[in-house]
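Here is what each chain is made of, one letter per residue.
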Amino acid sequence: MRNEGMKYKLLALDMDGTVLNRNHEISAENRKWIHRAIEQGISVMFATGREVQSIAPYVEKLGLRSPLVAVNGSEVWRAPGSLLVRHTLEDNWVQELYALALESNCRYWAYTVNEVFTAQNWPGQILRPEDDPWLKFGMHSDDPACLQQIHRILDATGRYELTNSSPRNIEINPLGINKASGIREVCRLLGIGMEEVAACGDSLNDLKMLRSVGLGIAMGNAQEAVKQAAKAVTGTNEEDGVAQAIRNYLLGE
């Protein structure tokens with residue numbers, strides 16, 4: 001079992017709903033097994049929709065020096081503080097997304113390199129300085145029909161990668177940019193194949209990642225489409241599901 005498990009050289013972890021519990025904490029059990037995987041020679045990294053500023057405290061707490069996929073693949077980092085590649089949304093696209101959010105009466109937010117914007121602090125100018133471009137736009141609605149209509153409109157443009165981090169939102173990146181594309185960049189950096197990667201996730205922004213790696217593991221609390229796409233299902237994020245996945249599928253203990 002150990003020999004079978006050790007074929008995985010990289011473990012990519014989603015954060016919210018996966019390695020983090022409802023209190024946005026990494027449990028002691030998850031920390032223990034993450035460190036055990038690292039001790040056994042497996043690189044452990046985050047692959048998340050979060051922006052790098054909100055990831056940093058968790059990276060520091062775990063003592064990670066591994067690569068990082070942030071903002072659903074719009075940024076790939078060689079290591080904390082060392083950017084490998086960045087993919088951005090054009091200013092006029094964000095104007096289009098902003099107008100659609102207002103028209104649809106949705107909550108909305110967006111990430112730039114340095115800022116998180118919501119309705120409360122939305123900038124007067126969509127045009128961004130060269131060193132602070134747009135990375136991701138999000139919309140939230142409790143009305144499934146509204147979200148479906150937005151999805152249809154945006155999909156028809158052929159410009160956007162559309163996913164979610166909960167059934168009540170849509171997350172928008174440049175077309176072709178997702179966690180799977182980010183992990184491919186990391187694999188090229190590390191000189192390993194996608195078949196040597198295991199990943200854990202719970203939402204649609206994890207779907208392509210779980211399908212493209214050697215072992216895609218859905219959390220017990222994952223959306224049903226994610227469970228259907230995964231090769232294995234572990235416990236929920238409240239049951240130390242990441243620790244279970246490492247123990248059962250990677251280290252075979």
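This structure is a prediction, so every number in the text was calculated from the model and none was measured.

Brief notes about the overall build of the chain
If you tally the helices and strands in the chain, you get 9 helices and 13 strands. Against the globule reference of 18 Å for 253 residues, the chain gives a C-alpha radius of gyration of 18 Å, in line with a compact fold. Expressed as lengths along the three principal axes of its C-alpha atoms, the size of the chain is roughly 55 × 35 × 30 Å. By residue count, 56% of the 253 residues in the chain fall in the buried class. Taking the contacts inside the chain whose residues are at least 6 apart along the sequence as the reference set, 56% of them involve residues at least 24 apart. Surface exposure of the chain reaches about 11,100 Å², of which carbon and sulfur atoms provide 47%. One finds the centroid of the 26 positive side-chain charges in the chain at a distance of 5 Å from the centroid of its 32 negative side-chain charges.

Points about the confidence of the model for the chain
The predicted model of the chain averages 96 in pLDDT, with 97% of residues at 70 or higher. Segment residues 1–5 is flagged for pLDDT under 50; beyond a separation of four residues in sequence, or across chains, it makes 7 contacts in the model.

What to know about the pattern of salt bridges
The full count for this structure, using the stated rule, is 12 salt bridges. The closest approach of N and O atoms between Arg 50 and Asp 16, which form a salt bridge, is 2.7 Å. Placement of Arg 50 in the loop between β2 (43–46) and α3 (52–62) and of Asp 16 in the loop between β1 (10–13) and α2 (28–39) is noted, with a sequence separation of 34 residues between them. Note that Arg 22 is salt-bridged to Glu 238, the shortest N-O span being 3.4 Å. On the criterion of sequence distance, the pair formed by Arg 22 in the loop between β1 and α2 and Glu 238 in the loop between β13 (232–233) and α9 (241–251) is long-range, its members being 216 residues apart. Residue classification places Arg 22 among the exposed residues on the basis of a relative accessible area of 63%. Classification of Glu 238 by relative accessible area gives partly exposed; the value is 34%. Several salt bridges share partner residues, and in doing so they unite Asp 14, Lys 179 and Asp 206 into one network.

A closer look at the side chain of Asn 205
Tracing the chain through its elements places Asn 205 in the loop between β11 (197–201) and α7 (207–212). Here Asn 72 takes part through its side chain, which lies 3.1 Å from a polar atom of the side chain of Asn 205.

Description of the pairing of strand β10 (residues 169–174)
Of all 6 residues in β10, 6 are buried; the element is thus mostly enclosed. Bridging between strand β8 (residues 134–140) and β10 involves 4 bridges; their strand directions are antiparallel. Along β10, the bridge assignment pairs Phe 137 with Ile 172. By the bridge criterion, 4 bridges tie strand β9 (residues 160–163) to β10 in an arrangement that is antiparallel. Bridging across to β10, Thr 163 finds its partner in Glu 171. Between β9 and β10, which pair antiparallel and follow one another directly, the connecting turn spans 5 residues.

Brief notes about helix α4 (residues 91–103)
Owing to its 3.6 residues per turn, the α-helix brings residues three or four apart onto one side. With 13 residues, α4 should cover 18 Å at 1.5 Å per step; its first-to-last C-alpha distance of 18 Å lies within 8% of that length. Looking at α4, one finds that the buried residues are Trp 93, Val 94, Leu 97, Tyr 98, Leu 100 and Ala 101. Buried positions in α4, seen along its axis, are confined to an arc of 165° and lie on one side of it. For α4, the secondary structure elements touched by its buried residues are β6 (107–112), β8, α5 (144–157), β9 and β10. Note on α4: the residue one or two positions beyond its end, Asn 105, has a positive phi of about 55°.

About the cut-offs
Residues numbered from 1 in each chain as written. Predicted model: local features only at pLDDT ≥ 70, side-chain atom pairs only at ≥ 80, totals over all residues. Heavy atoms only, no water. Helix = DSSP H or I, 4+ residues; strand = E, 2+ residues; numbered from the N terminus. Rg over C-alpha atoms; globule rule 2.2 N^0.38 Å. Buried < 20%, exposed > 50% of the residue type's maximum accessible area, 1.4 Å probe, protein only. Contact = heavy atoms within 4.5 Å. Areas by Shrake-Rupley, 256 points an atom, 1.4 Å probe, with all protein chains shown as cover. Lys, Arg positive; Asp, Glu negative; His and termini not counted. Charge placed at Lys NZ, Arg CZ, Asp CG, Glu CD. pLDDT = per-residue confidence, 0-100. Salt bridge = Lys/Arg side-chain N within 4 Å of Asp/Glu carboxyl O. Polar contact = N/O pair within 3.5 Å; in protein donor to acceptor, adjacent residues only side chain to side chain. Pairing = 2+ DSSP bridges. Expected span 1.5 Å × (residues − 1). Arc of directions from axis to C-beta.

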